[in-house]
Structure formats: C-alpha cells, structure tokens
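Coordinate inspection notes
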Amino acid sequence: MDKLLIRGGNPLTGTVTISGSKNSALPILAASILSEASLRIANVPHLNDVTTMIELLGTIGLDVTVEENMTLDVSTRDILNLRAPYNLVKTMRASFLVLGPLLALHGHAEVSLPGGCAIGPRPVDQHLKGLSALGADIRVEEGYVVADAKRGLIGTTIAMDVVTVGGTQNLMMAATLARGETTIYNAACEPEVTELAACLKAMGAQIEGAGTDTIRIDGVSSLQGAEFRITPDRVETATYMIAAAATRGQLLLKNTCPDQIKAVTAKLQESGVSITLGEDWIKLDAGVHDLTAVDIFTEPYPGFPTDMQAQYVALNAVSEGTSRVTETIFENRFMHVHELVRLGADISFEGNTTAIVKGVPRLKGAPVMATDLRASFSLVIGGMVADGETLIDRIYHIDRGYECIEEKLQSVGADVHRLSSR
Ligand code: EPZ
C-alpha cells in the first residue's frame, strides 16, 4: 500500500489549478445510462472513483472512450447487463446512482446494497422510498436491491425525510423518463444536484427548481446525447485554501468556483485569513494576521460542508484559542481526530458529534493512518504543519478524490513524497 511521507514546516506558496469536481462527475457519468446516444463529458478528474464508475458503466454494457484532457465519451452498446455488482458498489457508494437511470430506461435493475461505510451508516432508504413512490416494485434479494417497473415509472410527489444529495440525484434521474410530473420536496440544494440537472436538461430533460428545496421534473419519452463540462471541484478548492491557511501560506487558486464555497470562505476570513475573490480565482494570504480558532457546524448546502470539516479541524488545531466543531451530517466522521492527536493536537469530544479543539503552537510528526477521503487530507495538513516527518498510511483514500496530490502540493512548496509499495 502506498504511503505519503511529509516533512513539515513549508508554507504553501504559489498557484494551484483546480480539477473537475469528483462529486459532479460521478452522477453525470451515471446519467449517461439514461440516453442511447452519446454523452461527451469534459473536465473529468483523473481519480480512482472515476475509474470505478467507468468500470461499472463498462460492466453494465456502455462504451466509455477516454480522450485527451479527460474528456469522456459514453455511449450504449446493444446488450446491457442491468446489474451493478457488490465489488464495485462497496468500493464506491456513488455506484448506487446507477439504480434510478437503469430502472427508468430499462424497467429493471439489480444494484448491490452498499453496506458499511467508514463515516457512518449511510442508509439508502430515501432512494428506495422515492423509487417505490414512482411505481417501482422493490425488494432486497441476497444483498441486492432488485427493482422492477415493467410498464415504466409514473410521476408523483415525493417528500424526502432527510436532505440527501445522492437520493435527490437518483430520484431526479429516474423521474426524467417517468410518465407525468414529479415533484421532490426537501430536495438537496448542493451544486452537484444543480450540475446534474443542467446536464440532464442538455440531454432534453424538463427540470425546474434544481438548487432549491423543491424540484419539478416533467417526464419525457427519451433523452438525447449532449456535451457537458464538469465544474471545478469545490471541495478540492476549499481543501487547498484550508491547507494554505494552516501552513500560513499564500496561494492563488485558478479555474475555480468561489460562489460555491462561500461558507468556507467566510469561516477562513473569521479565522483571520485575507482572501480576494475573482470570477474564477481566489487569492489567499494567511501570513497577515495571527489565526484564531473558529466554531464549525456542518450543514447541508449552503451551510458549512461536512466534506470540509476534517480539514478545518486540522487548521483549528494550530490556531489560537478553543473551538467547537459539530458534525451533523454523518455519525462517525471524526476518525481523523484520533490521528491528529497522535501528531500532538489537543482535541477531546463532547458527546458523539462535537469535537473541542484547543489550539497548540506546534504539532510533531508521527506515523498516522488515513481512514477516509477527507480525513486523509486533514492528516496531510497536520503533517505539513508538524515539525519533523509524518508518514501517512492507507493513502488510497486520498487517491479516490484528490487529483495529482503530491505533484500539486510539491508545486506550491510542500515537502511531500509518495512511497510506492509496487
Ligand atoms: C454525498 O454523499 C457526497 N458524495 C459526500 O461526499 C458528501 O459528504 C455528502 O453528499 C453530504 O454532502 C458524493 O457526492 C459522491 P447524502 P451522499 O445522501 O449523497 C443520510 C466525499 O468525501 N441518508 O447527502 O451519499 C445519510 O446517512 C463524499 O466526497 C439517509 O438517511 O450523502 C447522511 O446522514 C463523502 N437515507 C445524510 O443523509 C438515505 O437514503 C446525507 O447523506 C440517504 C442518505
């Protein structure tokens, strides 16, 4: 297994170009199932999760051509296998997003239940409840969700019991080919839902309200091919901003989307970071003021994102004062805390959902273990601000979601090297 060796102490200085968004690309790749014509998707990030989705689409029977600069062309072959196997769904939960499209176009799908997850239970009950409301017959057989809608799905009203990004996306995709109108109440407002809706609309779907909590979809009989460009990754953007702040660096982030990370920008400014925003760039200087620890409370968009909580804990750990970080989206998303404590951070818990972070002047390098994607980057941040060497094990988690991590970090001055076991 590859490891990352980090020698801490270097402020991040220079320019980082942000990659395409993983969490936009994955559902849009799943949406390619909905059309028999080809979908061309540009600016797809080169990540292990994207490779897993390409493998899944290939298993189902789609042809995926990878062109220069990660433009993908996805088209359908004649024979389709309407089954998403356990090995691919357990590797990446976003694989479950093929359920809605397969069912909508082919009237049948068998998709493995995802099973356990490092950041919490993550059930799929809202996906299944919504598909049942759309007229699907759903049962679980031998670990697989088996869904049938032989006469097609029928538009309806769905009130989601929890705000779920993947649930909203799965149902929105299914409803594009349902007969009649579907309304989704309490829909997720995340940019990745809006992006998917924009791609579906380019394919001919009739969708209104994406980006609000009420989405209306007027079903159409078929979708066409389209060309679509994936937006820059807001989580990667915010991660590099937080990393630059923690190392007291100065960074220019290019090809990004400042509008999608307003909650993080506001928190960084509250911490004392100087930030200038352009249309598609962000300039950040963390060397102007002393940094203060700030309270964080994760919420669905446009609140502070759960995907940026771990990185902010690392920043707070080396900022002045005590902060409370409350995680409200996932039940078990504090695994990084135990590893940051190994680096000398002073963090304790109040119940299961709040970490109390007391800022310390310095961390000290140590061997640590990555537990999930975003938690892994918080350890990279910890390593970059620590004295001495930090060795991070299980970095396959990082490769799922951060493109060219060591190249990008090295280009802005970090002393980060991959120790490859191959
Ligand atoms: C998406 O996951 C993202 N993944 C996650 O990013 C992100 O953390 C999450 O949304 C929240 O913003 C992708 O986009 C591929 P949810 P998703 O359904 O859709 C509960 C990363 O690091 N829930 O919005 O799976 C669930 O347990 C990843 O890039 C139900 O109860 O998340 C959670 O508590 C990690 N029933 C909450 O809703 C359901 O049927 C939000 O989950 C579905 C979800």
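Please refer to the structure higher up on the page.
Attention here is on the structure that accompanies the text. Since we're looking at a predicted model, the values are computed, not measured.

Applying the stated rule across the entire model yields 22 salt bridges. Between Asp-415 and Arg-7 there is a salt bridge whose closest N-O contact spans 3.5 Å. Remark: Arg-7 occurs in strand β1 (residues 3-7) and Asp-415 occurs in strand β26 (residues 415-419); sequence separation between them is 408 residues. A relative accessible area of 23% places Asp-415 in the partly exposed class. Put simply, Glu-192 and Arg-234 hold a salt bridge, and the shortest N to O gap is 2.7 Å. Here Glu-192 is found in helix α7 (residues 191-202), whereas its partner Arg-234 is found in helix α8 (residues 234-246), with 42 residues between them in sequence. Judged by its relative accessible area of 6%, Glu-192 falls in the buried class.

Now for the sheet that holds strand β2 (residues 13-17). As summarised here, the arrangement of the four strands in space is β2-β15-β17-β16, forming an open sheet in which the pairing is mixed. Of all the strands in the sheet, just β2 and β16 (274-277) have a single pairing partner and so form its edges. For this sheet, the mean angle separating the axes of adjacent strands, direction not counted, is 15°. In this structure, β16 lies alongside strand β17 (residues 282-285), joined through four bridges in antiparallel fashion. Bridging across to β17, Ser-274 finds its partner in Asp-285.

Across the sheet, four strands lie side by side as β4-β5-β3-β14; this open sheet has mixed pairing. Edge strands, defined here as strands with exactly one partner in the open sheet, are β4 (62-66) and β14 (226-229). When the angles between neighbouring strand axes are averaged without regard to direction, this sheet yields 15°. Sheet analysis places strand β3 (residues 39-42) next to strand β5 (residues 72-76), joined by three bridges and oriented antiparallel. In the sheet register, Arg-40 faces β5, and the bridge partner there is Asp-73. Against the sheet, helix α2 (residues 48-60) engages β4 and β5, with an angle of about 145° to β4. Together, β3 and β14 form the strand contacts of α7, whose direction differs from that of β14 by roughly 155°.

This part is about the packing of helix α10 (residues 309-317) against helix α12 (residues 373-385). Their axes nearest at 7 Å, the elements α10 and α12 cross at an angle of 20°. The orientation of α10 with respect to α12, classified from their angle, is roughly parallel. Here the hand of the crossing between α10 and α12 comes out right-handed. In this structure, α10 contributes Ala-310, Gln-311 and Ala-314 to the contact, and α12 contributes Arg-374, Ala-375, Phe-377, Ser-378 and Ile-381.

What follows covers unusual backbone geometry. The omega torsion of the bond from Tyr-301 to Pro-302 falls at 10°, within 30 degrees of zero and hence cis. With respect to the element layout, Pro-302 can be found in the loop between β18 (296-297) and α10. A positive phi angle, close to 50°, is found at Glu-142, a residue other than glycine. Mapped onto the secondary structure, Glu-142 falls in the loop between β8 (137-141) and β9 (144-148). For Glu-142, a relative accessible area of 81% corresponds to the exposed category. Even without being a glycine, Arg-248 presents a positive backbone phi close to 60°. As for its position among the elements, Arg-248 is in the loop between α8 and β15 (250-254). On the accessibility criterion, Arg-248 (30% relative accessible area) is partly exposed.

What follows deals with the side chain of Thr-176. Within the fold, Thr-176 resides in the loop between α6 (165-175) and β11 (181-185). Ignoring any residue separated from it by four or fewer positions in sequence, one finds Thr-176 in contact with Leu-34, Leu-200, Ala-205, Ile-207, Ile-217, Asp-218, Gly-219, Val-220 and Leu-223.

Right, let's talk about the packing of helix α5 (residues 125-133) against α6 for a bit. It is at 8 Å that the axes of α5 and α6 come closest, and there the two elements cross at 25°. Judged by the inter-axis angle, α5 sits roughly parallel to α6. The chirality of how α5 crosses α6 is right-handed. Side by side, α5 and α6 meet where Gln-126, His-127, Gly-130 and Leu-131 of the first sit next to Gly-166, Gly-167, Asn-170, Leu-171 and Ala-174 of the second.

Another point: helix α11 (residues 335-342). Of all the residues in α11, the buried ones are His-336, Val-337, Glu-339 and Leu-340. The buried residues of α11 occupy an angular sector of 165° when projected down its axis, which confines them to one face. Contact partners of the buried residues in α11: α10, β20 (346-350), β23 (367-369) and α12. Just downstream of α11, Gly-344 is the residue with a positive phi angle, here 105°.

Thresholds applied
Residues numbered from 1 in each chain as written. Predicted model: local features only at pLDDT ≥ 70, side-chain atom pairs only at ≥ 80, totals over all residues. Heavy atoms only, no water. Salt bridge = Lys/Arg side-chain N within 4 Å of Asp/Glu carboxyl O. Helix = DSSP H or I, 4+ residues; strand = E, 2+ residues; numbered from the N terminus. Buried < 20%, exposed > 50% of the residue type's maximum accessible area, 1.4 Å probe, protein only. Pairing = 2+ DSSP bridges. Axes fitted to C-alpha atoms, helices over the stretch in contact; angles between N-to-C directions. Contact = heavy atoms within 4.5 Å. Parallel < 35°, antiparallel > 145°, perpendicular 65-115°, else oblique. Left-handed = near helix turned anticlockwise from the far one by under 90°. Arc of directions from axis to C-beta.

Bear in mind that shape data such as this cannot, by itself, settle questions of function.
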